Amino acid sequence: MKSLKKLLMSVGIVIILAGLGIAYVLFYPYIHARTVMGEVNGVKQLLENTAFIAGSADPTNKIYSFAVGVKEHATQEIVTGSSEDRQWGVVREGQCVEAVFYPYPPWNLQKSGTYYNVRVKRLYDNCEMVQK
């Protein structure tokens, strides 16, 4: 009876640890997201809207693809990433933004250490008003 109880306890612990491991792998970008507050150094739409062939499947992810650069106030580091968030279409250089950068996981060896899916949380006209 005691050995059955130990076995069930061991199996339960393994299942819980496996579940935590799977959750960590699935939610890695959200767990390690980086919020950056600073001046927009650059926002560039990567492709022109007219450059698509009519027969392509779903070009919306390419039409609204942006390269984003934000100079963080605290460290003066320019943080860059890519995004398909349409809100970046209204952001201009020199404006102040609070953005969330989601990192690629380290097991994605080609893109490890870079950011994707950059999201706009707040947008301000200039950073001088925000710093005060």
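Here is what the cut-offs are and how they apply
- Numbering of residues starts from 1 in each chain and follows the order in which that chain's sequence is written.
- Thresholds applied to this predicted model are a pLDDT of at least 70 for local features of residues and 80 or more for the giving and counting of side-chain atom pairs; totals over whole chains, interfaces and linings are not thresholded and use all residues.
- Side-chain metrics rest on all non-hydrogen atoms present in the structure, leaving aside hydrogens and water.
- Surface patches are drawn from residues lacking salt bridges whose relative accessible area is over 30%; two like charges belong together within 9 Å, two nonpolar side chains (Val, Leu, Ile, Met, Phe, Trp, Tyr) within 5 Å.
- A 1.4 Å probe and the Shrake-Rupley method give the accessible areas. Residues count as covered only by the protein chains that appear here.
- By salt bridge we mean one thing: a side-chain nitrogen of Lys or Arg within 4 Å of a carboxyl oxygen of Asp or Glu.
- Here a strand is any run of E in DSSP of at least two residues, a helix any run of H or I of at least four, and the numbering for each starts at the N terminus.
- For every residue, the accessible area obtained with a 1.4 Å probe (protein chains only) is divided by the maximum for its type, and the residue is called buried under 20%, exposed over 50%, and partly exposed between those limits.
- A strand pair is defined by DSSP finding two or more bridges across the two strands.
- Here, axes are lines fitted to C-alpha atoms. For helices the fit covers the stretch in contact, and angles between N-to-C directions go from 0 to 180 degrees.
- Working definition of a nonpolar core: buried Ala, Val, Leu, Ile, Met, Phe, Trp, Tyr and Cys residues. They are joined through side-chain atoms within 4.5 Å.
- Whether two residues touch is decided by their heavy atoms; if any such pair falls within 4.5 Å, the residues are in contact.

Participant: Any chance you could break down a nonpolar patch on the surface for me, citing the residues and the numbers?
Facilitator: Together, Ile22, Tyr24, Val25, Leu26, Phe27, Tyr30, Ile31 and Trp107 line one region of the surface with nonpolar side chains, adding up to about 860 Å² of accessible area. Among the elements of the structure, α1 (2-26) and α2 (28-31) are those that each provide at least two residues to the nonpolar patch. At four residues, α1 tops the list of elements feeding residues into the nonpolar patch. With respect to the helices and strands, the residue leucine 26 is situated in helix α1. Assessed through its relative accessible area of 56%, leucine 26 is described here as exposed.

Participant: Lay out the sheet that holds strand β2 (residues 66-72) in plain terms, naming residues and giving numbers.
Facilitator: On the basis of which strands lie adjacent, the open sheet formed by five strands has the order β3-β2-β1-β4-β5 and antiparallel pairing. Edge positions in the open sheet fall to β3 (78-83) and β5 (115-124), since each of these has one partner strand only. Recorded for the sheet is a direction-independent mean angle of 45° between the axes of neighbouring strands. Here β2 pairs with β3 via six bridges, running antiparallel. For lysine 71, the partnering residue across the bridge sits in β3 and is isoleucine 78.

Participant: Tell me about the pairing of β2, and please be specific about residues and values.
Facilitator: With five of its seven residues buried, β2 lies for the most part within the structure. Adjacent in sequence and paired antiparallel, β2 and β3 are bridged by five residues, among which glutamine 76 carries a positive phi angle near 65°.

Participant: I'd like a rundown of the nonpolar core, residues and numbers included.
Facilitator: Core analysis: the biggest nonpolar cluster contains 14 residues, and Val68, Val70, Trp88, Val97, Ala99, Phe101 and Val118 have the highest contact counts within it. Only β1 (34-45), β2, β4 (96-103) and β5 provide two or more residues apiece to this core. Those residues in contact with phenylalanine 101, other than ones at most four positions away along the chain, are Ala33, Arg34, Val36, Val70, Val79, Thr80, Gly81, Tyr115 and Val118.

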